[in-house]
Amino acid sequence: KPFAWARRAFVWSGEAYLSYSLAAISLMGFTAALYSWYNNTAYPSELYGPTGPEASQSQAFTFLVRDQRLGANVSSAQGPIGLGKY
């Protein structure tokens with residue numbers, strides 16, 4: 001049985017279960033979107049082009065310098081669709 005506070009806090013019907021499930025799915029989708037937006041391991045820019053933060057104008061120089069230090073030829077670097085990466 002659920003705790004007493006949970007029994008009082010939630011509605012216990014089929015529609016409520018569906019609502020809670022949809023809310024959980026949307027929360028997990030939002031979490032996955034944030035994870036792929038900021039995590040360069042899950043979405044490597046070397047394969048897929050720059051991630052959201054990498055593509056922002058405020059951080060473009062930081063990643064340009066990083067890739068130069070890694071030995072990339074930044075003048076001819078391309079993303080996955082052939083557009084310039086920087």
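Calculation notes
- Residues numbered from 1 in each chain as written.
- Predicted model: local features only at pLDDT ≥ 70, side-chain atom pairs only at ≥ 80, totals over all residues.
- Heavy atoms only, no water.
- Helix = DSSP H or I, 4+ residues; strand = E, 2+ residues; numbered from the N terminus.
- Buried < 20%, exposed > 50% of the residue type's maximum accessible area, 1.4 Å probe, protein only.
- Contact = heavy atoms within 4.5 Å.
- Phe/Tyr/Trp six-rings, centres within 6.5 Å; stacked < 30°, edge-to-face > 60°.
- Patch = residues over 30% accessible without salt bridge, like charges linked within 9 Å, V, L, I, M, F, W, Y side chains within 5 Å.
- Areas by Shrake-Rupley, 256 points an atom, 1.4 Å probe, with all protein chains shown as cover.
- Salt bridge = Lys/Arg side-chain N within 4 Å of Asp/Glu carboxyl O.
- Polar contact = N/O pair within 3.5 Å; in protein donor to acceptor, adjacent residues only side chain to side chain.
- pLDDT = per-residue confidence, 0-100.

Peer 1: Can you help me understand the overall build of the protein in this one?
Peer 2: The secondary structure content of the protein amounts to five helices and zero strands. Mapped in sequence order, the helices and strands of the protein form the string α-α-α-α-α. For the protein, buried positions account for 19% of its 86 residues. Looking at the protein alone, contacts between residues at least 24 apart form 17% of all its contacts between residues at least 6 apart.

Peer 1: Explanation requested: the packing of aromatic side chains in the structure shown.
Peer 2: Within a pair of aromatic rings, the relevant descriptors are the distance that separates the centres and the angle that separates the planes. Throughout the structure, instances matching the rule amount to three aromatic pairs. A ring pair is formed by F10 and W12, whose centres lie 6.4 Å apart and whose planes are at 80 degrees; its orientation type is edge-to-face. Considering the side-chain rings of F10 and Y20, the 5.2 Å spacing of their centres and the 75 degrees angle between planes classify their relative orientation as edge-to-face. Remark: Y20 occurs in helix 2 (residues 14–38) and F10 occurs in the loop between helix 1 (4–9) and helix 2; sequence separation between them is 10 residues. Judged by its relative accessible area of 38%, F10 is partly exposed. Linked through ring pairs, F10, W12, Y17 and Y20 together constitute an aromatic cluster.

Peer 1: What am I meant to see in a nonpolar patch on the surface here?
Peer 2: A cluster of nonpolar side chains, F3, W5, F10, V11, W12, Y17 and Y20, forms an exposed patch at the surface whose accessible area comes to about 810 Å². You can call Y20 partly exposed: its relative accessible area is 34%.

Peer 1: Honestly, the environment of S21 in this entry has me stumped. Any pointers?
Peer 2: With respect to the element layout, S21 can be found in helix 2. Engagement of the side chain of S21 in a polar contact is seen with the backbone oxygen of Y17, the distance being 2.9 Å.

Peer 1: Could you clarify how one ought to interpret the confidence of the model for the protein in this entry?
Peer 2: Detail in the predicted coordinates should be disregarded across regions flagged by low pLDDT. Across the protein, pLDDT averages 77, with 72% of residues at or above 70. When pLDDT is averaged over each element of the protein, helix 2 comes out on top at 88 and helix 4 (residues 52–55) at the bottom at 66.

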